[in-house]
Structure formats: structure tokens, C-alpha cells
There are 2 protein chains.
Amino acid sequence: MTPARKKPNINTSPLELMPDFQFAVSVDCVIFGYENDMLKVLLIKSDLPEFKSKWSLLGDLVHPDEDLDAASYRVLRERTGLEDVFLEQVHTFGQLNRHPAGRVVTTAYFSLINVKDHQLKQLDNELHWHPVNDIKTMAFDHKVILDTCHKTLQKKIQEEPIIFNLLEKKFSLRDLQNLYEAILGVSLDRRNFRKKLFTTDLLTDLDEMEKDVPHRPGKLYTFNHARYAKMKKKTFVGIDF
Amino acid sequence: MTPARKKPNINTSPLELMPDFQFAVSVDCVIFGYENDMLKVLLIKSDLPEFKSKWSLLGDLVHPDEDLDAASYRVLRERTGLEDVFLEQVHTFGQLNRHPAGRVVTTAYFSLINVKDHQLKQLDNELHWHPVNDIKTMAFDHKVILDTCHKTLQKKIQEEPIIFNLLEKKFSLRDLQNLYEAILGVSLDRRNFRKKLFTTDLLTDLDEMEKDVPHRPGKLYTFNHARYAKMKKKTFVGIDF
DNA sequence: ATAAAATACGTAAGGCATACACAATAAAAT
DNA sequence: ATTTTATTGTGTATGCCTTACGTATTTTAT
């Protein structure tokens, strides 16, 4: 330990921001979608010689006049054409040699979109959807970022009704259960699943049926945003570990 | 929307990191402690003219050769003299004008320490402990950062046994309950609290009693790290919102 | 000694999760 | 048309966990 001594500091003293202490800052978006009963993520091919033919997340440098959140929204919009979708910060990765070009600190976001809602923009570099479970390696530290975001997703869908962002407006209970199972990697009891979902009181019965399914059609539901907004945020106090 | 077009990008193309796209990157540590039945946080006075006499978190610029995590550990060590303590990243704040000196992106960490374990280092700028509930305003966006970390703390102590980092090695159940109540801002039933804690099987009965207390002394316990490490991480699957 | 305060232990009721069974309906096969 | 098959839709019993609350014990203060 160095002895106590007054040292100029970014929070306490007016000081100039020196170039040596400036880094590139980027955002990387883990864009999740759901297709063919699989959780998927939108990836692009990296042209960097160090990562030739490896897959990378969608990211970009944060612009000088741009908030972090704004930058991630921009990346998302440029790649999917979507606005007003679920997007949330997860974690910031600042390892020394995570990027070959130099020091780049990146903040990871995860997004949930309905695959059928959008058309992919800028189809350069083979932008497309990959089943999350098939991905073994990626460029940079992106596999770690993806895994982190996947875990966050698994945790969050159990705590908040964000999963509906991955489905179309109208869905059957079977759709919803398949999606939960795909994300969590478990199988759930159909009867208990229904019961649980109905007790949340967040599904509106549309009095409509599935169409063009090769079996008995199920009822269609929609997520009741209004009722969730009104729900008093559960002040859960419990110890559970 | 701009039409689809190939654009150089930090993840796809080799490109130089231009000075305009480089920012200062800092870490800010929300160091929590527990004293006199109150949750407290370690703060320092800011000398910046814009925030004269306002309180600030403990932070610093990340050094060019330093990981983000390493930087926050350094700040913690320099200020408290402590190593190997609980420290975890929470969120990154990148608002455009959050720092008067220019563009500074900061990553917030929260730490849990036992107040009696340490001596404060570098007592310049009136470094000391403040009750979290008394803090109304702070320098920079630090009040927002503090609130974010406080909420994260409230959530995490219900999910993982990290709260013991705030107590001494030996503690009574009363101590533990008071601490939970101080952090969560609720009162808990004493009998149910005991029962719950004992069922976790993570407390070792030391067969010792409190000393020098002005009432009937309670038993002393210690947190069983080994048993927690062995516990199979609960693969909880439930929907709860 | 007695009162006050905190610890320590216990029990009953209700709610919630889990496990499991069967009827109804629509599509596909015969 | 009838039967078969697959899937939807509903119900019930059990047990565990949370919650609410009662009472005895131990120590300190008067």
C-alpha cells in the first residue's frame, strides 16, 4: 500500500483529459429472436484478419455526440429497421486485448425482437440468424458476451414478462411454452404452465383460434401491456438462495 | 432509414481508432458498509467548481494498461486498504454531459465491506461514511449511480448470500436481521427469519454468545463459505412476475 | 425479588408449486 | 363415414413453504 497522499482524481479535481487515458468505446448488441422452436441470435461475419470467417455481434463505436443507449439503438435500427423494441444494457467488457485495433471498451446490450416483424438491413457480411445452441466460437470476446447475455435472458424472463417481445402479437399457449423451454433448456408441465400463466392475469383471450396448423387449433392470446403497467410492482421480500 | 450499404465497422473491418472517437473511461465504486444499524456508503468531497461541496463516489480514470475490474479494485484498495473483498460491476453510464471535463464514460461497481475491518486511506477531501438514506444530492450523476447500486444490492441479497460481507465474521441472528431490514427498508418477523436462515443450512453455530450487550446475549454464528460453495447452484425454473 | 427486554422454540392455517388423469376437439388415416 | 391419432383444455390431490402468531427462557436493570 502507498501511504495516504492527496492525488488528483477525476471526481475530486479539475483535470484535463489526456489522450493516453482515452479509449475507443463501442456497443455490441446481442439481438435475440425465436424461429423454428429455437432461440437465435443475429450475427455478422468479421473481416478482420485475426478473426477471418468468424462470427461477430452487431456493434459499432459510440459517436462523440451520442449516448451509450443511443448508440445501441442506432446499431439495432441500422441492422433490423426496427424502433421501439426491447433493448437493455447487460455488462461492460474492458479486457486489455479484447480488440486487435487497440484498446476498445465495449458495453453489451441485449435485445428481443419478433423475427417476423422485420427485414434485415444491410445484408453485407452474411448478416443472419444463428441458433444460440449451435454457436461454439466467435470473434473477439463475443462468445463470452453472448453467454453472459443468454444467462441474463434466462434469469430475466423468470422475473419480468419480457418474453412476449420475441413472439408475434397473437400467440398460443403452446407457442409461449415452447419459447420458455427453448430459452431455459428445460421442459415444463403443460398443465401447470397454463395455470401459472393464467394466474398472472396478463394474457387476454382473443376468442380466436390458430389457423393452418396440422392439429387441433389452440386459442390465441395477447399480452396485456396495460394491465402489467398498472400492476403494483411486486415489493417482493424473500430470501432465496 | 438509410438504404442498405456496406459501412466500415469496428467489428467487421480493420480500421484505425481515431482520436475523435476516443473517450475517457472511468470506474466509480459504490462502497457499502453497515454501522449503527444503518446502511452507509463511502464518499469523498469533490473540488470541482461545478460541484463545490457536493459529495462524490470514489472513482478514477482507468489506466491505459489496466482492465476495468482491475481499476475498480485499485480504487477500492487505495481508499480502504482492503483486498479480496466483494466487488461487482453494476452498470455503465455514458450520458453526454455527465462530466464537466468532457466526455467520460463511467462503469459503476458496488462493493460490500465490513466497516470494522479497514482503516480509511487518504483521508483527504473528507473521505467518510454517509447513511444511504440521508443522501439527497451528489456531484455528477452519482445520485443516480448510487440509487442504481442500492436497488441492485436489495435484489442481490435476496438471491445470493452476499450480505455476510457487510458483517464481522461472528454475528448474531439479530445483527443479520437488522442488516437485512436496513438494506430492504422493511421489518421482518423474527421467528420466520430464523427459520428461513436455518433452513438454508449456511450458518455455523459457534457455541459462543454475544458479549457486552445490554440485554440477554444471543448466540453467535458464522457464514459457512465451504458449504455454500458445495451447494449445487439452484437451477431454479419458475415464472414469477 | 421483580419487571422488562430480548432470545429461543413451536404450531396452525393458507397459499402455491408439483405431480398426475381424463375428457374434448380437430386433423389425418382408413 | 368411421376410426385413429395428436393436441388442446380442465381438474384434483399432495406436500412444501410461507405467513401469522403464541409462549417459555434467559439475562439485565431496578
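What counts, and at which threshold
- Residues numbered from 1 in each chain as written.
- Chains lettered and ligands numbered in written order.
- Predicted model: local features only at pLDDT ≥ 70, side-chain atom pairs only at ≥ 80, totals over all residues.
- Heavy atoms only, no water.
- Helix = DSSP H or I, 4+ residues; strand = E, 2+ residues; numbered from the N terminus.
- Buried < 20%, exposed > 50% of the residue type's maximum accessible area, 1.4 Å probe, protein only.
- Contact = heavy atoms within 4.5 Å.
- Expected span 1.5 Å × (residues − 1).
- Pairing = 2+ DSSP bridges.
- Least-squares fit on C-alpha atoms with pLDDT ≥ 70 in both.
- Near = heavy atom within 4 Å.
- Polar contact = N/O pair within 3.5 Å; in protein donor to acceptor, adjacent residues only side chain to side chain.
- Nonpolar A, V, L, I, M, F, W, Y, C, P; charged D, E, K, R; others polar.
- Domains from an automatic or database assignment.
- Buried area = accessible area lost by both parts, 1.4 Å probe.
- Salt bridge = Lys/Arg side-chain N within 4 Å of Asp/Glu carboxyl O.

### A word on the environment of B:Leu87
Residue and element names in this part refer to chain B.
And then number 1: Locating Leu87 in the fold gives a position in strand β5 (residues 86-93).
And then number 2: Leu87 gets classed as buried once you look at its relative accessible area, which sits at 13%.
And then number 3: Separated by 51 residues in sequence, Leu87 and Asn36 place their C-alpha atoms 23 Å apart.
And then number 4: Once residues within four sequence positions are removed from consideration, Leu87 is found in contact with Ser72, Tyr73, Leu76, Tyr109, Phe110 and Ser111.

### Some words on helix α2 (residues 142-159) of chain A
Count 3.6 residues to each turn of an α-helix, and residues three or four apart come out pointing the same way.
Residue and element names in this part refer to chain A.
And then number 1: Taking 1.5 Å per residue, 18 residues should reach 26 Å; α2 reaches 26 Å between its end C-alpha atoms and fits that length.
And then number 2: For α2, the complete set of buried residues consists of His142, Ile145, Leu146, Cys149, His150, Leu153, Lys156, Ile157 and Gln158.
And then number 3: Contacts made by the buried residues of α2 are with β1 (22-35), β2 (38-45), β3 (55-56), β5 (86-93), β6 (104-112) and α3 (173-184).

### Focus on the pairing of strand β10 (residues 219-223) of chain B
All names here are of chain B.
And then number 1: Among the 5 residues that make up β10, 4 are buried, leaving the element largely enclosed by the rest of the structure.
And then number 2: Where strand β8 (residues 171-172) meets β10, 2 bridges bridge the pair, whose relative direction is antiparallel. The partner of Ser172 across the bridge, within β10, is Leu220.
And then number 3: In this structure, strand β9 (residues 203-209) lies alongside β10, joined through 4 bridges in antiparallel fashion. Among the inter-strand pairings, Asp205 is bridged to a residue of β10, identified as Tyr221.

### Observations concerning the relation of the copies chain B and chain A
And then number 1: Mapping chain B onto chain A is achieved by rotating through 180° and translating by 0.0 Å along the same axis, at an RMSD of 0.0 Å. Here the symmetry operator amounts to a two-fold rotation axis.

### Comments concerning the protein's contact with DNA strand C
And then number 1: Neighbouring DNA strand C are 17 residues, the closest being A:Arg191, B:Arg191, B:Arg194, B:Lys195 and B:Arg216.
And then number 2: In DNA strand C, the atoms that sit within 4 Å of the protein are 46% sugar and phosphate, with bases accounting for the remainder.
And then number 3: Between DNA strand C and A:Arg191 there is a distance of 2.3 Å, counted from a base nitrogen to a side-chain nitrogen or oxygen.
And then number 4: A distance of 2.5 Å separates a base oxygen of DNA strand C from a polar atom in the side chain of B:Arg216.
And then number 5: For the surface near DNA strand C, the elements supplying multiple residues, two or more each, are α4 (190-200) of chain A together with α4 (190-200) of chain B.
And then number 6: Class assignment for the residues of the surface near DNA strand C results in 1 nonpolar, 4 polar and 12 charged.

### So, the domain arrangement of chain A
Residue and element names in this part refer to chain A.
And then number 1: Split into domains, chain A comes out as domain 1 (22-158) and domain 2 (169-230).
And then number 2: The C-alpha centroid of domain 2 is placed 28 Å from the C-alpha centroid of domain 1.
And then number 3: Of the residues lining the interface, 8 residues belong to domain 1; the matching set on domain 2 comes to 7 residues.
And then number 4: Between domain 1 and domain 2, a total of about 720 Å² is buried, with carbon and sulfur atoms accounting for 66% of that surface.
And then number 5: Counting the surface domain 1 buries against domain 2, the share from its top three residues, Tyr34, Leu39 and Ile157, is 59%.
And then number 6: Linking domain 1 to domain 2 there are 0 salt bridges.
And then number 7: Taken together, domain 1 and domain 2 are joined by 3 residue pairs in polar contact (both at pLDDT 80 or more).

### Side note on the protein's contact with DNA strand D
And then number 1: Every one of the 19 residues lining DNA strand D counts as a neighbour, but A:Arg191, A:Arg194, A:Arg216, B:Arg191 and B:Arg216 are closest to it.
And then number 2: Across the atoms of DNA strand D situated within 4 Å of the protein, the share located in sugar and phosphate is 45%.
And then number 3: One nitrogen or oxygen atom from the side chain of A:Arg216 is found 2.4 Å from a base oxygen belonging to DNA strand D.
And then number 4: Among the secondary structure elements, those contributing two or more residues to the surface near DNA strand D are α4 of chain A together with α4 of chain B.
And then number 5: Of the residues assigned to the surface near DNA strand D, the class counts are 3 nonpolar, 4 polar and 12 charged.

### A short note on the interface of chain B and chain A
Reports of interface size often rely on the accessible area that becomes lost once the parts have come together.
And then number 1: Facing the 86 residues of chain B at the interface are 86 residues of chain A.
And then number 2: By the criterion of area lost to chain A, the three top residues of chain B are B:Asn11, B:Ile239 and B:Phe241, representing 12% of everything that side buries.
And then number 3: A salt bridge links B:Glu159 to A:Lys155, with the nearest nitrogen and oxygen atoms 3.0 Å apart.
And then number 4: Applying the counting rule to chain B against chain A returns 36 residue pairs in polar contact (both at pLDDT 80 or more).
And then number 5: Among the elements that take part in the side of chain B that touches chain A, strand β1 (residues 22-35) of chain B stands out by supplying 6 residues, more than any other.
And then number 6: Class assignment for the residues of the side of chain B that touches chain A results in 38 nonpolar, 25 polar and 23 charged.
And then number 7: Bridge analysis of β1(A) against β1(B) gives 3 bridges, and the strand direction is antiparallel. Its bridge partner lying in β1(B), A:Ala24 is registered against B:Gln22.

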